[in-house]
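What follows is each chain in one-letter form.
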Amino acid sequence: MREELRQTELDFAASVRRRDVEAFKSFIAPDAVFVGEGVNRGREAIVAAWAPFFAPDGPRLEWHPEVVELAEGGALGLTRGPYTFTGRDENGAERTSSGLFNSVWRRQPDGTWRIVFDAGC
């Protein structure tokens, strides 16, 4: 089950690299909460906040899990690892920043994983 969650996180990241908003959306639980520069609650608010990443000339965000852990029983999982953001500042100069992300996933009755909490620092 841990490897399934690792692959789900990798597929989630790949959806952003490909700029595939529909695939991205499919990984997010309807009641998810993403914490970043602000707090976004619910799938639609999260997708709207992430819209720049799906624009053809938008910023890039790449990440991968280095830690994958499951709660006893396997209903919840945690993924954590490094991310790199590349975008443009207000003067048009490219800027890069990096940090760590933490995501909490909930296993669905059909065995798929949906992200319920996400935060980067």
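Every residue gets a number counted from 1 within its own chain, in the order that chain's sequence is written. With the structure being a predicted model, the display of local features is reserved for residues of pLDDT at least 70 and the display and counting of side-chain atom pairs for 80 or more, all residues being used for whole-chain, interface and lining totals. Water and hydrogen atoms play no part in the side-chain values, which are based on all heavy atoms of the structure.

Trainee: Lay out the pattern of salt bridges in plain terms, naming residues and giving numbers.
Mentor: A side chain with one charge can pair with a side chain of the opposite charge if their charged atoms come near. Salt bridges, as used here, are contacts in which a Lys or Arg side-chain nitrogen is within 4 Å of a carboxyl oxygen on Asp or Glu. Inspection of the entire model under this criterion finds seven salt bridges. Between glutamate 3 and arginine 6 there is a salt bridge; the shortest N-O distance is 3.2 Å. With a gap of three residues between them, glutamate 3 and arginine 6 both fall in helix α1 (residues 2-17), about one helical turn apart. Of the charged contacts in the structure, one is a salt bridge between glutamate 4 and arginine 107, with a shortest N-O distance of 3.1 Å. With glutamate 4 in helix α1 and arginine 107 in strand β6 (residues 94-107), this residue pair connects regions lying 103 residues apart in the sequence. Only protein chains enter the accessibility calculation, which uses a 1.4 Å probe. A residue is then buried if its area is under 20% of the maximum for its type, exposed if over 50%, and partly exposed in between. Of the residues examined, glutamate 4 reaches a relative accessible area of 41% and is grouped as partly exposed. You can call arginine 107 partly exposed: its relative accessible area is 26%. Strands are runs of DSSP state E lasting at least two residues, helices are runs of H or I lasting at least four, and both sets are numbered from the N terminus onward.

Trainee: Lay out the pairing of strand β7 (residues 113-120) with the relevant residues and their values.
Mentor: For two strands to be treated as a pair, DSSP must find at least two bridges joining them. Here strand β1 (residues 28-35) runs beside β7; their pairing, made up of four bridges, is parallel. Pairing of valine 33 across the sheet is with phenylalanine 117, part of β7. Taken together, the seven bridges between β6 and β7 define a ladder with antiparallel strand orientation. Of the residues in β7, the one forming a bridge with asparagine 102 is alanine 119. Linking β6 to β7, which pair antiparallel, is a turn of five residues; within it glycine 111 sits at a positive phi near 95 degrees.

Trainee: Lay out α1 in plain terms, naming residues and giving numbers.
Mentor: Under the convention used throughout, the expected extent of a helix is 1.5 Å for every residue step, that is, one less than its residue count. Taking 1.5 Å per residue, 16 residues should reach 22 Å; α1 reaches 23 Å between its end C-alpha atoms and fits that length. Three or more residues of α1 are buried, namely Leu5, Thr8, Glu9, Phe12, Ala13, Ala14, Ser15 and Val16. Following α1 by one or two positions, arginine 19 adopts a phi angle in the positive range, close to 60 degrees.

Trainee: Break down the side chain of serine 103 for me, with residues and values.
Mentor: With respect to the helices and strands, serine 103 occurs in strand β6. For the purposes of these results, a polar contact is taken to be a pair of N or O atoms within 3.5 Å, where, inside protein, one atom must be able to donate a hydrogen and its partner to accept one; residues adjacent in sequence count only when each atom of the pair is a side-chain atom. A polar contact of 2.5 Å, which involves the side chain of serine 103, links it to the side chain of aspartate 118. Not counting residues within four places of it along the chain, the set of residues in contact with serine 103 comprises Glu9, Gly77, Leu78, Thr79, Ile115, Phe117 and Asp118. Contact definition: two residues touch when any of their heavy atoms are within 4.5 Å.

Trainee: Quick rundown of the packing of aromatic side chains? Include the residues and the values.
Mentor: Two aromatic rings, drawn from Phe, Tyr or Trp (for Trp, its six-membered ring), form a pair once their centres lie within 6.5 Å of each other, and the interplanar angle then sorts them: stacked below 30 degrees, edge-to-face above 60, tilted otherwise. One pass over the structure, following the stated rule, counts 11 aromatic pairs. A ring pair is formed by tryptophan 63 and phenylalanine 101, whose centres lie 6.4 Å apart and whose planes are at 65 degrees; its orientation type is edge-to-face. Separated by 38 residues along the polypeptide, tryptophan 63 in strand β3 (residues 60-63) and phenylalanine 101 in strand β6 bring together distant segments of the chain. Classification of tryptophan 63 by relative accessible area gives buried; the value is 9%. In textbook terms, an aromatic cluster arises when at least three aromatic residues are bridged by ring pairs, as seen for Phe12, Phe24, Phe27, Phe34, Trp50, Phe53, Phe54, Trp63, Phe85, Phe101 and Trp105.

Trainee: Describe unusual backbone geometry, listing the residues and the values that go with them.
Mentor: Phi is positive for arginine 19, which is not a glycine, with a value near 60 degrees. Here arginine 19 shows up in the loop between α1 and α2 (21-26).

Trainee: Could you give an account of the nonpolar core, with specific residues and numbers?
Mentor: Looking at soluble globular proteins, one finds that nonpolar side chains tend to be buried together. Core analysis: the largest hydrophobic core is formed by 25 residues, its most contacted members being Phe12, Phe24, Ile28, Phe34, Trp50 and Trp63. Only α1, β1, α3 (43-49), β3, β5 (76-88), β6 and β7 provide two or more residues apiece to this core. Ignoring anything within four residues of it in the chain, the contact list for tryptophan 50 reads Val16, Phe24, Phe34, Leu61 and Trp63. The nonpolar core is taken to be a set of buried Ala, Val, Leu, Ile, Met, Phe, Trp, Tyr and Cys residues, with the residues joined through side-chain atoms within 4.5 Å.

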